[in-house]
Amino acid sequence: MTIEILTVLPELLTSPFEHSMMKRAQEKGLLTIKLHTLRKWAINKHGQVDDYQYGGGAGMVMMCEPLANAIDELQAESKFDEIIFMTPDGKTLEQRDANTLSLKNRILIICGHYKGIDQRIRNLYVTREISIGDYVLSGGELAAAVLVDAIGRIIPGVLNDETSALTDSFQDNLLAPPVFSRPVEFRGLQVPPILLSGDPKKIEAWRQAQALERTQKRRPDILDQ
Ligand code: 6GU
């Protein structure tokens, strides 16, 4: 899978993909990440990609031409399966969205800045608008990094048994159960004896019960789905 990212701040997006799972996905050849600086398609030699908004009001808007020219050039040879605009007014990202996107072949993510992008680019090009939660970030880059990580780690072949996504929180509308490692006792707190029982059926039943209890307490909203 190839994920391309169009941004005015590509520097913000280098480190997030150089470690851990994103590194592994790229090394395995399962994920290719390409950063594109929107300045390359600026309207003048000053690198201008934004302008005042019609109707007045504070804040600049990312202009049509740089974005349209960039997208047209990037998909001159083959079309993107999805063109995603990161925006706080988009649909809140959920595990099921990441699952769907992880099966695509080639996607483009556009990072917004300032007051956002000209609405006509959204109408003409964008296939999905995604937010990562109900709060405002300075730009779409950190949100794009979150989206790429959520997608990249579940691309078929990236995870192995050790790191399986099947037991992740949200993967079956349940939060993950508590986990314990050595030592058996720490500051007077014991590991639940059942985890030391060596009985896989009992352990699985305990984990299911814990996951359910945790979800009921913390996120009853996801249980209803
Ligand atoms: Cl995708 N962008 C910005 N700027 N802020 C956000 C967001 C995205 N998602 C939540 N807050």
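Conventions adopted
- Residues numbered from 1 in each chain as written.
- Predicted model: local features only at pLDDT ≥ 70, side-chain atom pairs only at ≥ 80, totals over all residues.
- Heavy atoms only, no water.
- Helix = DSSP H or I, 4+ residues; strand = E, 2+ residues; numbered from the N terminus.
- Rg over C-alpha atoms; globule rule 2.2 N^0.38 Å.
- Buried < 20%, exposed > 50% of the residue type's maximum accessible area, 1.4 Å probe, protein only.
- Contact = heavy atoms within 4.5 Å.
- Areas by Shrake-Rupley, 256 points an atom, 1.4 Å probe, with all protein chains shown as cover.
- Near = heavy atom within 4 Å.
- Polar contact = N/O pair within 3.5 Å; in protein donor to acceptor, adjacent residues only side chain to side chain.
- Nonpolar A, V, L, I, M, F, W, Y, C, P; charged D, E, K, R; others polar.

Asker: Give me the lowdown on the overall build of the protein chain, citing residues and values where you can.
Answerer: Within the protein chain one finds seven helices and nine strands. Expected size for 225 residues packed as a compact globule is a radius of gyration near 17 Å; at 22 Å, the protein chain overshoots this value by more than 25%. Classification of the 225 residues of the protein chain by burial places 41% in the buried group. Sequence separation of 24 or more characterises 76% of the internal contacts of the protein chain that already satisfy a separation of 6 or more. Carbon and sulfur atoms form 52% of the exposed surface of the protein chain, whose accessible area is close to 13300 Å².

Asker: I'd like a rundown of the environment of Asp199, residues and numbers included.
Answerer: Inspection of the secondary structure puts Asp199 in the loop between β9 (189-190) and α6 (200-218). Here the alpha-carbon distance between Asp199 and Leu159, two residues 40 residues apart in the chain, equals 26 Å.

Asker: Quick one: what's the story with the site of the ligand, residue by residue and with numbers?
Answerer: Around the ligand sit Met86, Thr87, Pro88, Ile130, Ser131, Ile132, Gly133, Tyr135, Leu137, Gly139 and Ala143, and those are all the residues in its vicinity. A distance of 3.0 Å is found between a nitrogen atom of the ligand and a backbone nitrogen or oxygen belonging to Leu137. Coverage of the ligand by the protein chains reaches 96% of its 290 Å² of free accessible surface. For the shell around the ligand, the secondary-structure elements that each account for two or more residues are β5 (82-92) and β7 (128-131). Top contributing element to the shell around the ligand by residue count: β5, with three residues. A per-class count over the shell around the ligand returns seven nonpolar, four polar and no charged.

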